[in-house]
Amino acid sequence: MDIKSAVVPVAGLGTRLLPATKSQPKEMLPVGKKPVVQYVVEELEANGIKQILFVTGKSKTSIENHFDFDHELTRHLRETGKEELLPELEYERMRLQFFFARQRKQKGLGDAVMCAQHFTKDSPFVVALGDSILGLNAPSWAVKKLVDIYMQNGPACVIAVEEVDPEKIPSYGIVQPGDDREVFRILDLVEKPSVEQAPSNLAIAARYVFSPSIYGAIAQTLPDPGGEIQLTDAIRLLLEKGEKVLGLRLSSQDRRYDIGNFQSYFEAFLEFALSDPELGNQLRRYIREHLREDC
Ligand code: UTP
């Protein structure tokens, strides 16, 4: 048995990116030449995923449209002599099936994952957050590794983690590792702790594999003070029940680009734009000149 299904939650309100996200999904913001969610879907396809369920919400139809075939646009490009742009739509041909479920009220990531229950049924599945890219313009094999670890060890869940600087600790779920190996047992995890309370600097990095037991845990998870059902709290419940939860340390090549706030969005955009084979060098020169003028 292998894991062929992934759930991509994209229903969040993205309030930290207002006003950019008032009427468009943060998952459709461009990073370099592509919207964030296209990187996520391409990564999943490269890692052997065959079907994707997007958990969507209000104002998210542009995500559905982005992955549809656009025959009219293709015809237009052909008829107007712009054939050189056709490769830009090549991603439409990915060998994937798309499904959509609606999260009717934004009650947190745990609640969003719960919307996938009828899709994944009794099978394990991948969760990939739609607002986070792994790796800079290079395919990340982290999802494949997570799947392999799941298959070999039969845990309740496997989570990708990465080391973060102390100032970023209060923005993420942080795990307490059992040891310092690449694949390790998670002893505890806390959502957005203070630096003092954090059990480590290992942050949950937007990719997971779950067994169906996560649904029972989410159903028993109480909302946080903000009314959101946190996926981290549900995983903690799995630990309390004595279930095995494993972590995978991401390599620096699989670095996570989080598009959840303006600081990290700007940094991600800049890094991807600078690494663009066509325009990167030009941009580098432009930035150097501007920095010189500023001095
Ligand atoms: P975030 O934790 O960044 O939450 O979501 P958010 O609501 O989108 O953003 P802020 O905090 O208001 O700025 C991480 C991922 O989980 C999805 C988001 O779409 C994003 O891809 N998500 C979050 C949901 O699908 N549903 C939710 O209720 C919350």
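First, a word on scope: everything that follows refers to the structure included in this document. Residue positions are counted from 1 within each chain, in the order its sequence is given. Side-chain atom pairs in this predicted model are given and counted only at pLDDT of 80 or more, local residue features only at pLDDT of at least 70, and totals for whole chains, interfaces and linings cover all residues. For the side-chain quantities, the full set of heavy atoms in the structure was used; hydrogens and water were omitted.

**Thoughts on the side chain of E43**
Inference 1: Numbering goes from the N terminus for both helices and strands, where a helix is a DSSP run of H or I of at least four residues and a strand is a run of E of at least two. With respect to the helices and strands, the residue E43 is situated in helix α1 (residues 36–46).
Inference 2: Contacts are assigned to residue pairs with any non-hydrogen atoms lying within 4.5 Å of each other. Other than its neighbours up to four places away in sequence, E43 contacts L134, S140, V143 and R207.

**What to know about the side chain of D258**
Inference 1: In this structure, D258 sits in strand β13 (residues 256–258).
Inference 2: Think of it in three bands: residues with accessible area under 20% of the maximum for their type are buried, residues over 50% are exposed, and the middle band is partly exposed, with areas taken using a 1.4 Å probe on protein chains only. When charges are counted, neither His nor the chain ends are considered; positive counts come from Lys and Arg and negative counts from Asp and Glu. The term salt bridge refers to a side-chain nitrogen of Lys or Arg lying within 4 Å of a carboxyl oxygen of Asp or Glu. It is R256 that comes nearest to the buried, bridge-free D258 among opposite-charge side chains, at 4.2 Å.
Inference 3: Within the structure, the side chain of D258 is placed 2.7 Å from the side chain of Y172, a separation counted as a polar contact.
Inference 4: In contact with D258, not counting residues within four places along its chain, are D131, S132, Y172, S264 and Y265. A 3.5 Å cut-off defines polar contacts: any pair of N or O atoms within that distance qualifies, except that in protein one atom must be a possible hydrogen donor and the other a possible acceptor, and neighbouring residues in sequence count only when both atoms are side-chain atoms.

**As for the pairing of strand β10 (residues 183–191)**
Inference 1: A pair of strands is treated as paired once DSSP finds two or more bridges between them. Pairing analysis gives five bridges linking strand β9 (residues 173–177) to β10, with the strands arranged antiparallel. Within β10, the residue paired with V175 across the bridge is L189.
Inference 2: Hairpin connection, β9 to β10: the antiparallel pair is bridged by five residues.
Inference 3: Alignment of β10 against strand β12 (residues 245–249), held across three bridges, turns out to be antiparallel. Residue pairing in the sheet places R185 in a bridge with L246 of β12.

**Digging into the pattern of salt bridges**
Inference 1: In this structure the tally under the stated criterion is 13 salt bridges.
Inference 2: Between K60 and E27 there is a salt bridge, and its shortest N-O distance comes to 2.9 Å. Taken together, the residues span a long stretch of sequence, with K60 in the loop between β4 (51–56) and α2 (61–66) and E27 in the loop between β1 (5–9) and β2 (30–31) at a distance of 33 residues.
Inference 3: Note on K60: relative accessible area 4%, which makes it buried.
Inference 4: The exposure class of E27 is buried, given its relative accessible area of 2%.
Inference 5: Residues participating in the shared-partner salt-bridge network are K33, D276 and E278.

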